[in-house]
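What follows is each chain in one-letter form.
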Amino acid sequence: MVREILIWPDPVLKKKASPVAKVDDSIRGLIDDLFETMYAADGVGLAAPQVGVLKNVIVLDTSPRQPEARPVAMVNPVILSLEGAITYSEGCLSIPGEAEDVDRAAIVTVEYLDADGQSQTLRAEGLLAVAVQHETDHLKGTVFVDHISSLKRELIRKRMKRLKAERAEQREAPPA
Ligand code: GNR
Ligand code: NI
């Protein structure tokens, strides 16, 4: 099921998500929905809080930009190490139409539970490394605009306010 993606600023996107106690069928259902929602929106990652679920679950698929990459779901991800530096022009499905440079680590090592509840470790670089940091930020209640200047952030806040007003109007008066 494709779920609705919350648009920033939304109070839920500022909250810290909680660890998953057990990877059961309800978590696997959430993972399926996250993939379906991410692909429907043409994203390379999605975090559960973006669909209003404050649990430590993320999905990633950077294969549009990294042909060797494959889809990965992470429950309770923990970053073990960060190496090097990269500046990447980031977007976010919760901040549509915006992109800004963000400084990140170039290589990330992350430990997580897979959809079977098995512990896994992944060392990522390039867009996947950036996306892991972007998605784990979402679990802490942080979005990429928290890493840019307040001037740029406040301009984006105004544009998101306008976008939300337009969408609310469309919902009230759908085209005939
Ligand atoms: O689809 C997405 N693209 C992207 C591009 C550069 C850096 C990070 C990302 S993640 C983003 C999807 C998203 O909002 N995930 O939370
Ligand atoms: Ni995002």
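These numbers were taken from a predicted model, which means no experiment stands behind them. (Residues numbered from 1 in each chain as written. Chains lettered and ligands numbered in written order. Predicted model: local features only at pLDDT ≥ 70, side-chain atom pairs only at ≥ 80, totals over all residues. Heavy atoms only, no water.)

(A) Just the pattern of salt bridges, in detail. One pass over the structure, following the stated rule, counts 11 salt bridges. Salt-bridge contacts for Arg3 lead to Asp33; the nearest nitrogen and oxygen are separated by 2.8 Å. Of the two residues, Arg3 sits in the segment before helix H1 (25-40) while Asp33 sits in helix H1, which places them 30 residues apart along the sequence. Exposure remark for Asp33: the relative accessible area of 11% places this residue in the buried category. Members of the salt-bridge network, linked through shared partners, are Glu90, Arg104, Asp137 and Lys140. (Salt bridge = Lys/Arg side-chain N within 4 Å of Asp/Glu carboxyl O. Helix = DSSP H or I, 4+ residues; strand = E, 2+ residues; numbered from the N terminus. Buried < 20%, exposed > 50% of the residue type's maximum accessible area, 1.4 Å probe, protein only.)

(B) Seen up close, the packing of aromatic side chains. Taken as a whole and assessed by the stated rule, the structure comprises one aromatic pair. With centroids separated by 6.0 Å and ring planes inclined at 15°, the aromatic side chains of Phe35 and Tyr39 adopt a geometry described as stacked. Of this pair, Phe35 and Tyr39 both sit in helix H1, four residues apart, which is roughly one turn of the helix. (Phe/Tyr/Trp six-rings, centres within 6.5 Å; stacked < 30°, edge-to-face > 60°.)

(C) Molecular detail of the coordination of the nickel ion (ligand 2). Distances from the nickel ion (ligand 2) to its protein donors, Cys92 (SG), His134 (NE2) and His138 (NE2), fall at 2.1 to 2.3 Å. Counting along the primary sequence, the residues that act as donors to the nickel ion (ligand 2) give the motif C-x41-H-x3-H. Of this pair, Cys92 sits in the loop between strand E4 (86-90) and strand E5 (100-104) while His134 sits in helix H2 (residues 126-140), and the two are 42 residues apart along the sequence. For Cys92, a relative accessible area of 8% puts it in the buried group. (Donors = N, O, S within 2.8 Å, 3.2 Å for Na, K, Ca; no water.)

(D) Representation of the site of ligand 1 in the model. Lining the immediate environment of ligand 1, one finds 15 residues, of which Val44, Gln50, Leu93, Glu135 and His138 sit closest. Between ligand 1 and the protein, one listed contact pairs an oxygen atom with a side-chain N or O atom of His134 at 3.1 Å. Contacts to ligand 1 include His138, whose side-chain N or O atom sits 2.9 Å from an oxygen atom. In isolation ligand 1 has 390 Å² of accessible area, and contact with the protein removes 90% of it. (Near = heavy atom within 4 Å. Polar contact = N/O pair within 3.5 Å; in protein donor to acceptor, adjacent residues only side chain to side chain. Areas by Shrake-Rupley, 256 points an atom, 1.4 Å probe, with all protein chains shown as cover.)

(E) Molecular detail of the nonpolar core. Grouped together as the largest cluster of nonpolar side chains are 17 residues, with contacts concentrated most on Ile27, Ile31, Leu34, Leu46, Val57, Val59 and Val75. Secondary structure elements with two or more residues in this core: H1, strand E2 (57-60) and strand E3 (72-83). Considering every element that reaches this core, the biggest residue donor is H1, with six residues. Once residues lying within four places of it in the same chain are set aside, the contact partners of Val57 are Val20, Ile27, Leu30, Ile31, Leu34, Leu46, Ala47, Ala48, Met74, Val75 and Leu139. With 16 residues, the next largest nonpolar core counts Ala17, Leu60, Met74 and Ala131 among its residues. (Core = buried A, V, L, I, M, F, W, Y, C linked by side-chain atoms within 4.5 Å. Contact = heavy atoms within 4.5 Å.)

(F) Local environment of the side chain of Gln133. When you line up the elements, Gln133 lands in helix H2. In this view, Gln133 contacts Ile79, Leu82, Arg104 and Ala105; residues no more than four positions away in its chain are not counted.

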